[in-house]
Amino acid sequence: MRFVSIGLAALLLVAPLTQAADNPDVTGLSQRLQALDADPGTTSVAAYERLQARQAVQALSEARGSRRAAALKVAQARVETAEVAAQVAVVQREIDRLDRERSELLVEASRRDAARARQEAERLRIQAQIQAEEAARLREQADADAAARADAEGALDSVASGQAAKLRAARQRAAELARQEAELMGEAPPKPADSGTDKP
């Protein structure tokens, strides 16, 4: 069963690579995923996140036209998430290993020297806490990066909408002034332009 899963993962990884010869974004993201698979420290962790990243890269390789920009953002976010998840898993695995070592040391030290065992346990506890805090920082950084990207996209949309509204108001005002001028001059008012077809 494990060999089947590995084979499926390999097929999912190769698929975007075979379509990425003329797409540097797909190539770069695929290489980052390949690096996770090739690293002995991360090859067996964050499998779900890496699968999502591969699917996103595959979707990017197939995206065309206006859909490509959105597909690129999703693929980049998925690959970053997979990388962070792998790093967190490695740190957590190291913390677990240190916890196991601490337990073994406590058992052995309790037979020989209780005082020395307490000192070693405290050292390991502090080391594990530091690594746990680093893992939490990585998670928070990933969340903050995602929120910042969302805020930036929202701000751009808001600015574009505001500029379009100002342009429509200016055109309406110009048409009104032209109509009033025509009335004062005793001329027929000019036909207002169809603002619905204008673009900001």
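The following paragraphs examine the structure supplied in this document.

Rules used throughout
Residues numbered from 1 in each chain as written. Predicted model: local features only at pLDDT ≥ 70, side-chain atom pairs only at ≥ 80, totals over all residues. Heavy atoms only, no water. Core = buried A, V, L, I, M, F, W, Y, C linked by side-chain atoms within 4.5 Å. Buried < 20%, exposed > 50% of the residue type's maximum accessible area, 1.4 Å probe, protein only. Helix = DSSP H or I, 4+ residues; strand = E, 2+ residues; numbered from the N terminus. Expected span 1.5 Å × (residues − 1). Arc of directions from axis to C-beta. Polar contact = N/O pair within 3.5 Å; in protein donor to acceptor, adjacent residues only side chain to side chain.

1. What to know about the nonpolar core
Among the nonpolar cores identified, the biggest contains 18 residues, and Leu29, Leu33, Val57, Leu60, Ala75 and Val79 are the most heavily contacted of them. Mapped onto this core, the elements with two or more residues apiece are helix H2 (24-38), helix H3 (47-62) and helix H4 (67-112). Ranked by the residues each element gives to this core, the list is headed by H4, at seven residues. Membership of the second largest hydrophobic core comes to seven residues, among which are Val84, Val91, Ile95 and Ala135.

2. With respect to H2
Taking 1.5 Å per residue as the helical rise, H2 with its 15 residues ought to reach 21 Å, and the 20 Å between its terminal C-alpha atoms agrees with that figure. Looking only at H2, the buried set comprises Val26, Leu29, Ser30, Leu33 and Leu36. Here the buried residues of H2 occupy an arc of 110 degrees about the axis, which is enough to place them on one side. For H2, the exposed residues set more than 90 degrees away from the buried face come down to Pro24 and Ala38. The opening residue of H2, the one whose side-chain oxygen lies 3.2 Å from the backbone nitrogen of aspartate 25, is asparagine 23.

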